[in-house]
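Residue strings, one per chain:
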Amino acid sequence: MFTTIELFVGAGGMALGVEKAGFTTLGLIEIDKDACATLRENRPGWNVVNDDIANISGLDLEEYFNIKKGNLDLLSGGAPCQAFSYAGKRLGLEDARGTLFYHYAVFLEKLQPKMFLFENVKGLLTHDKGKTYKTILNIFEEAGYDIQKQVLNAWDYGVAQKRERLITIGIRKDLKEQVNYEFPEPHEYKPVLRDVLQNVPKSHGVLYGENKRKIFELVPAGGYWRDIDPEIAKNYMKSCWDMSGGRTGILRRLSMDEPSLTVLTTPSQKQTERCHPLETRPFTVRENARCQSFPDNWIFCGSVMSQYKQVGNAVPVNLAYEVAYNIYEALEGKI
């Protein structure tokens, strides 16, 4: 039985994938009350801690989670991306003070798990000209870990969505001879919306205003603003009309024969629309959840907009599973 603690859990996309891979969850820390309600609704047996991680990281974590230093198998989570201070030349833990990542690093220092999984947006690689991620890697290495990193696209792992995530894996240095991790191989088949938008359970959703709906009616599946009358498009886009770049997210209707673009935290944003392929409306909460590979029986709590946010912020379940399954295999010495 391998154990895990997860930080910045959200609605449980990663936690669900890690559980499916075989891990036993000792604790999950999340500040958002609706996300915690979601976790408790679906997994009453999980130890869900609804608190600011800053209030927990300073405690005696061995006592709090009833596990000795070095015995935890996996620490997982992904702290929001924030710039560091670079107060010292060392680029170490002190530079991360005041950021949420600092608390992830404190958990790592105090518990010394055998492995860790740190996921984040691909943009972390270039955040602050790469200095933020460089500091993070320095901190991981100072904590005693060998590091592997790779950008994975969820679409390669059974998720009907293009969503790139930076996955950083750490193996405690004293275990590097016994534990060998390999990133999962991409699947041969990549699912599209046709695979996940059939027989979706009814759920909450929002609608476009009448004017927007009428304009979207003109957009073909797989099309965007360039596929309608230029005068109508120009009137809709206003100042966006003169912006540089392709602006392919504006008036964008998806196609059943392509994956979803990255699921967002709100159902309708002008420059990043994801109109339903067959109906003139945004996706419902449940449709977004399908695109994130959540099972249909995973219930989301809170207001409709809170549910959209929880789904949009989640790590795709199938991606988390693939990464965590290889961690489990590595800990068993099978890789």
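No experiment lies behind these values; they were computed from the predicted model shown. (Residues numbered from 1 in each chain as written. Predicted model: local features only at pLDDT ≥ 70, side-chain atom pairs only at ≥ 80, totals over all residues. Heavy atoms only, no water.)

Peer 1: Which residues make up the overall build of the chain, and what values go with them?
Peer 2: Looking only at helices and strands, the chain features 12 helices and 7 strands. Reported as C-alpha extents along the three principal axes, the dimensions of the chain are approximately 65 × 45 × 40 Å. Every one of the 335 residues in the chain was classed for burial, and the buried ones make up 55%. Across the chain, every contact between residues at least 6 apart in sequence was considered, and the portion connecting residues at least 24 apart equals 68%. About 15000 Å² of surface is accessible on the chain, with carbon and sulfur atoms providing 48% of the total. Averaging the coordinates of the 41 positive side-chain charges in the chain and doing the same for the 43 negative ones gives two points 5 Å apart. (Helix = DSSP H or I, 4+ residues; strand = E, 2+ residues; numbered from the N terminus. Buried < 20%, exposed > 50% of the residue type's maximum accessible area, 1.4 Å probe, protein only. Contact = heavy atoms within 4.5 Å. Areas by Shrake-Rupley, 256 points an atom, 1.4 Å probe, with all protein chains shown as cover. Lys, Arg positive; Asp, Glu negative; His and termini not counted. Charge placed at Lys NZ, Arg CZ, Asp CG, Glu CD.)

Peer 1: Describe in detail the packing of helix 5 (residues 100-111) against helix 6 (residues 131-142), supporting the description with residues and values.
Peer 2: Interaxial distance between helix 5 and helix 6 falls to 10 Å at its minimum, and their mutual angle equals 15 degrees. In this view, helix 5 runs roughly parallel relative to helix 6, as classed from their interaxial angle. Between helix 5 and helix 6 the crossing geometry is right-handed. Residues Phe101, Tyr104, Ala105 and Leu108 of helix 5 lie in contact with helix 6, whose contacting residues are Ile136, Ile139 and Phe140. Its residues assigned to classes, the contact of helix 5 with helix 6 comprises 7 nonpolar, no polar and no charged. (Axes fitted to C-alpha atoms, helices over the stretch in contact; angles between N-to-C directions. Parallel < 35°, antiparallel > 145°, perpendicular 65-115°, else oblique. Left-handed = near helix turned anticlockwise from the far one by under 90°. Nonpolar A, V, L, I, M, F, W, Y, C, P; charged D, E, K, R; others polar.)

Peer 1: Just give me the short version of the nonpolar core, but keep the residues and values in it.
Peer 2: One finds Leu7, Leu75, Phe101, Tyr104, Phe107, Phe118 and Phe140 to be the most contacted residues of the largest nonpolar core, which totals 35 residues. When contributions to this core are tallied by element, the ones reaching two or more residues are strand 1 (3-7), helix 3 (53-57), helix 5, strand 5 (115-121) and helix 6. Looking at this core, the element that brings in the most residues is helix 5, giving 8 residues. When sequence neighbours within four positions are dropped, the list of residues in contact with Phe140 reads Phe101, Tyr104, Leu108, Phe116, Phe118, Tyr145, Ile147 and Thr168. (Core = buried A, V, L, I, M, F, W, Y, C linked by side-chain atoms within 4.5 Å.)

Peer 1: Tell me about helix 9 (residues 230-237), residues and numbers included.
Peer 2: Those residues of helix 9 not exposed but buried are Ala233, Tyr236 and Met237. Along the long axis of helix 9, the arc covered by the buried residues comes to 90 degrees, so they all point the same way. For helix 9, exposure combined with an orientation more than 90 degrees from the buried face picks out Glu231 and Asn235. Of the surrounding elements, those touching the buried residues of helix 9 are helix 8 (210-216). One side-chain oxygen at the N-terminal end of helix 9 lies 2.7 Å from the backbone nitrogen of Glu231; it belongs to Asp229. One or two residues past the end of helix 9 sits Lys238, with phi positive at roughly 50 degrees. (Arc of directions from axis to C-beta. Polar contact = N/O pair within 3.5 Å; in protein donor to acceptor, adjacent residues only side chain to side chain.)

Peer 1: If you had to explain the pairing of strand 5 to someone new, which residues and values would you point to?
Peer 2: Counting buried positions along strand 5 yields 6 of 7 residues, so the element is predominantly enclosed. Bridging between strand 4 (residues 74-77) and strand 5 involves 4 bridges; their strand directions are parallel. By the bridge assignment for strand 5, Ser76 is matched with Leu117. As paired strands, strand 5 and strand 7 (residues 164-172) are joined by 7 bridges and run antiparallel to one another. Bridge pairing links Glu119 to Ile167 in strand 7. (Pairing = 2+ DSSP bridges.)

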